[in-house]
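Chain and residue survey
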Amino acid sequence: MSTRTSPAPVQVPGAPVVPAAAPGAGRAVGRLALRQVRRSGLATLLVALALTATVAASFDALVADPATLTGLLAVAQNPAVRTLFGEPVALETAGGFTVWRSGTPVAVLVGAWAALATARTTRGQEEAGRWNLLLAGPVRLRTAVGRHLLAVAAVVTATGAAVAAALLLAGTPAAGAAVHGAGIAALGLFSAAVAALAAQVLGTRSAATGAAVAALGAGLLTRSVADGVPGWQGLRWASPFGLLELSRPYAQDRVLPVLLLLAAAAALAAVALVLAGRRDVGSGLLARPAHRRARTALLGSVEGFAVRRALRPLAGWSTGIGAYYLLIGTTAVALTEFLTRDAAVSDLAGQAGFAALDSVRGFAATVFSLLPVPVGVFAAVRIAALVSAEPDRRLALLAAGPVGRVRLLGTEAAVSAAGLLALLTVAGFATWAGVAASGGGLTLPEALRGTWSTAPVALLCLGAAVLAAGWLPSATALVGSLPAVGGFLLQVLADSTGAPAWVREVSPFAHLALVPLEPAGTAAALVMTLVAVLLAVVGAAGYRRRDLLC
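Residues numbered from 1 in each chain as written. Predicted model: local features only at pLDDT ≥ 70, side-chain atom pairs only at ≥ 80, totals over all residues. Heavy atoms only, no water.

**What to know about the overall build of the protein**
Quick reminder of the rule: In this text, helices come from DSSP runs of H or I with a minimum length of four residues, and strands from runs of E with a minimum of two, each type numbered from the N-terminal end. Accessible area is worked out with a 1.4 Å probe on protein chains only. A residue is then buried under 20% of its type maximum, exposed over 50%, and partly exposed in between. Should any heavy atoms of two residues lie within 4.5 Å, those residues are counted as being in contact. Each accessible area is a Shrake-Rupley result for a 1.4 Å probe, and residues are judged covered by the shown protein chains and nothing else.
Each helix and strand counted, the protein has 22 helices and zero strands in total. The buried share among the 550 residues of the protein stands at 47%. A separation threshold of at least 6 residues defines the contact pool for the protein, and within that pool the share at least 24 residues apart is 75%. Accessible area of the protein: about 24,800 Å², with a carbon and sulfur share of 68%.

Below is the structure:
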């Protein structure tokens, strides 16, 4: 089907007259686009808002002890810490501290959501055939892409405004809050524009998503290198995260980097819309070969097909997690040597919440405790991918055959569990390689024990996702991510606000030991694993009882 202008149709006598355009068709598509992103967009906004507000609220407790603030200022100047958190700016203020500690995580969250949502609602809908009837009418492909891009833009703009509002309510200066909020929104717009462009060039949703996420990861890695390697600061101008950092909220409050990021987003979006008007529906500018040898590997069984479906996403997640933890490993020695050389700074760092960072094992254990967040999200997304195949009619014929529904779900869960263990192993190998390359003393068995000890939290995400697949399929990814993302935020909130101990204990992260610095908590790991299995069993029962989505 082509979206280019065709000759005027010949009117057949007695046939009904079809209008050339339907009033408000574009607005209707826009409303549909907002409906498709409202739930995940609202969840993203709330997480960004909560994280910003939580970190801002913790600043008062930090400055109550001058020694703690002094230790934080000393540690923040270390190149290894700058690689992880970015350049520290105005740390002695609540706004500067909040931007330094939460700015990058919020920017990654918003950027990743914008890329995934754009690819899903444009190329994903087109690939599934849902736009065929829509585009056979008065709505052009360029209009459909533009309206969906505007819906994502509305969400990221609202998220930036929410972040700015949280900073204002915390009592920070309005100028810094506005610059940071605008920067977060600009980065989300840039990420959405990159995904929209990839969706026009590449012919599948998975390829467009992979290209957009890879571009986002490359930008984050460029910013990390620019901050951690002396003399390479100029690279920040080539990275969206670097431009966000160069805005320097609560110090200079620079508007130019934010404007450059907005200009880049507008240019990419304009190119994407132009390309949308120059291609056929269902195809990308980079056309796939018309004839190729049949790829039948792993198609002989349900189990083999589940493995085949997981291989490409697993490769992408492994690349991202491996690159990040390789970078973490290369900075471990520099940071620990910095703290070891100066006992006073080491004591101050401990008071600032960096007590375990005075050894390579302690540093590795600290960063390993963050690993369940991406790995748990991976597991939740894999189960959500199975659920999304139902309304696309890709499971109807299979489910009508002699294949049990529980077998389908159980196979997907087993493959996802194997995938999350593979990601933990990749992180362990990458950290060990980075530490070994920089002359550190972390052994490979220690690194693997540290990453594998976090598996129970990721398995909780898998169990929660299976539970949602059976009883609340529309929120599979959200519910599945809750133990990791929600648990991490709950722990940060409890630590920052001095909440009662039982509040902190609700988070599964509170029961993770700092392995390899200390022995693993076997009892806690066993309990979390059993809870994950129980959630999966209940979810499988619901999945067996309910109808396929349509």
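**Considering the packing of helix 17 (residues 405-437) against helix 22 (residues 522-545)**
Short version of the rule: Note on method: axes are straight lines fitted to C-alpha atoms, helices fitted across the in-contact stretch only, with angles between N-to-C directions ranging 0 to 180 degrees. Any angle between 65 and 115 degrees counts as roughly perpendicular, while under 35 counts as roughly parallel, over 145 as roughly antiparallel, and the rest as oblique. Rotating anticlockwise by less than a right angle from the far helix to the near helix defines a left-handed crossing, while the corresponding clockwise rotation defines a right-handed one.
Close contact between helix 17 and helix 22 brings their axes to 9 Å; oriented N to C, the two are set at 140°. Here helix 17 is positioned oblique relative to helix 22, judged by the angle of their axes. Between helix 17 and helix 22 the crossing geometry is right-handed. On the side of helix 17, the interface is formed by Arg-405, Val-406 and Leu-409, while helix 22 contributes Gly-539, Ala-540, Tyr-543 and Arg-544.

**Overview of the confidence of the model for the protein**
Low-pLDDT stretches of the model should not have their predicted coordinates read in fine detail. We apply this condition: The predictor attaches a confidence to each residue, called pLDDT, with possible values from 0 through 100.
In this model, the protein carries a mean pLDDT of 84, and residues with pLDDT of at least 70 account for 87%. This model gives residues 1-10 a pLDDT under 50, and the stretch forms 16 contacts once residues within four places in sequence are excluded. Segment residues 15-21: pLDDT under 50, and four contacts once partners within four positions in sequence are set aside and those in other chains are kept.

**Quick notes on the side chain of His-180**
Turning to its location among the elements, His-180 is positioned in helix 8 (residues 174-201). In this view, His-180 contacts Val-99, Gly-103, Val-163, Leu-167 and Pro-249; residues no more than four positions away in its chain are not counted.

**With respect to the packing of aromatic side chains**
The following threshold applies: Stacked, edge-to-face and tilted are the three classes for Phe, Tyr and Trp ring pairs, Trp counted by its six-membered ring, which pair at centre distances within 6.5 Å; planes under 30 degrees apart are stacked, over 60 edge-to-face, the rest tilted. Each ring is checked for a lysine NZ or an arginine CZ that lies within 6 Å of its centre and within 35 degrees of its normal; such an atom marks a charge sitting over the ring.
Taken as a whole, this structure holds five aromatic pairs when the rule is applied. Note on Phe-59 and Phe-97: the rings are 5.7 Å apart at their centroids and 45° apart in plane angle, and the pair reads as tilted. Here the residue Phe-59 occupies a position in helix 2 (residues 59-63), and Phe-97 occupies one in helix 5 (residues 94-127), the gap between them amounting to 38 residues. What makes Phe-59 buried here is its relative accessible area of 6%. Overall, the relative accessible area of 4% leaves Phe-97 in the buried class. Both rings, one in Tyr-324 and one in Tyr-325, keep their centres 5.4 Å apart while their planes meet at 85°; by these two values the pair is edge-to-face. Residue classification places Tyr-324 among the partly exposed residues on the basis of a relative accessible area of 37%. Following the ring pairs from residue to residue traces out a cluster consisting of Tyr-324, Tyr-325 and Phe-368. Taking NZ or CZ as reference, Arg-405 lies 4.5 Å from the ring centre of Tyr-543, over its face.

**Overview of unusual backbone geometry**
Note the cis peptide between Val-515 and Pro-516, where omega equals 15°. For Pro-516, the location among the structural elements is in the loop between helix 21 (501-506) and helix 22. The residue Ala-90 is not glycine, and still its phi comes out positive at about 55°. Its place among the elements puts Ala-90 in the loop between helix 4 (79-85) and helix 5. Positive phi values are uncommon outside glycine, yet Tyr-250 reaches one of about 70°. Accessibility expressed as a relative area gives 12% for Tyr-250, which makes it buried.

**Brief notes about the nonpolar core**
Put simply, the test is: Here, nonpolar core refers to any group of buried Ala, Val, Leu, Ile, Met, Phe, Trp, Tyr and Cys residues whose side-chain atoms link them within 4.5 Å.
Counting residues in hydrophobic clusters, the biggest one holds 49 residues, and the most contacted among them are Val-37, Val-106, Trp-113, Val-152 and Leu-187. At the level of elements, helix 1 (25-57), helix 5, helix 7 (141-169), helix 8, helix 9 (205-228), helix 10 (240-246) and helix 11 (256-276) are the ones that each hand at least two residues to this core. With eleven residues, helix 8 is the largest single contributor of residues to this core. Apart from the residues within four sequence positions on either side, Val-37 is in contact with Trp-113, Ala-117, Arg-120, Thr-121, Ala-151, Val-152 and Val-155. Residues Val-387, Ala-417, Ala-430 and Ala-465 belong to the second largest nonpolar core, which totals 41 residues.

**Here's the deal with the side chain of Asp-227**
In plain terms, the rule: Pairs of N or O atoms are called polar contacts if they sit within 3.5 Å, as long as, within protein, a hydrogen donor faces a hydrogen acceptor (for residues adjacent in sequence, only side-chain-to-side-chain pairs).
Looking at the secondary structure, you find Asp-227 in helix 9. A polar atom in the side chain of Asp-227 sits 3.0 Å from the side chain of Arg-223. Residues within four places of Asp-227 in sequence aside, it is in contact with Arg-82, Gly-86, Glu-87, Arg-236 and Glu-245.

**Digging into helix 15 (residues 372-388)**
Going by this rule: Each residue after the first adds 1.5 Å to the expected span of a helix.
Taking 1.5 Å per residue, 17 residues should reach 24 Å; helix 15 reaches 24 Å between its end C-alpha atoms and fits that length. Those residues of helix 15 that fall on the buried side of the exposure criterion are Pro-372, Val-375, Gly-376, Phe-378, Ala-379, Ala-380, Arg-382, Ile-383, Ala-384, Leu-386 and Val-387.

**What about the pattern of salt bridges?**
Side-chain pairs of opposite charge can arise where the charged atoms are in close proximity. Put simply, the rule reads: Salt bridges are defined as contacts in which a side-chain nitrogen from Lys or Arg sits within 4 Å of a carboxyl oxygen from Asp or Glu.
Under the criterion given, the structure shown has eleven salt bridges. Put simply, Glu-87 and Arg-236 hold a salt bridge, and the shortest N to O gap is 2.6 Å. You can see Glu-87 sitting in the loop between helix 4 and helix 5 and its partner Arg-236 sitting in the loop between helix 9 and helix 10, a full 149 residues away along the chain. According to the relative accessible area criterion, Glu-87 is buried, its value standing at 18%. In this structure, the salt-bridge partner of Glu-303 is Arg-407, at a minimum N-O distance of 3.1 Å. Note that Glu-303 is positioned in helix 12 (residues 302-341) and Arg-407 in helix 17, a separation of 104 residues in sequence. Residue Arg-407 is classed as partly exposed on the basis of its relative accessible area, which comes to 38%. The network of salt bridges with common partners includes Glu-87, Arg-223, Asp-227, Arg-236, Glu-245 and Arg-248.

**Section: helix 22**
Given a rise of 1.5 Å per residue, 24 residues ought to cover 34 Å, and the 35 Å separating the end C-alpha atoms of helix 22 matches this to within 8%. Every buried residue belonging to helix 22 is among Met-528, Ala-532, Gly-539, Ala-540, Gly-542 and Tyr-543, and all of these are buried. Looking at the packing, one finds that the buried side of helix 22 touches helix 15, helix 17 and helix 19 (455-471).

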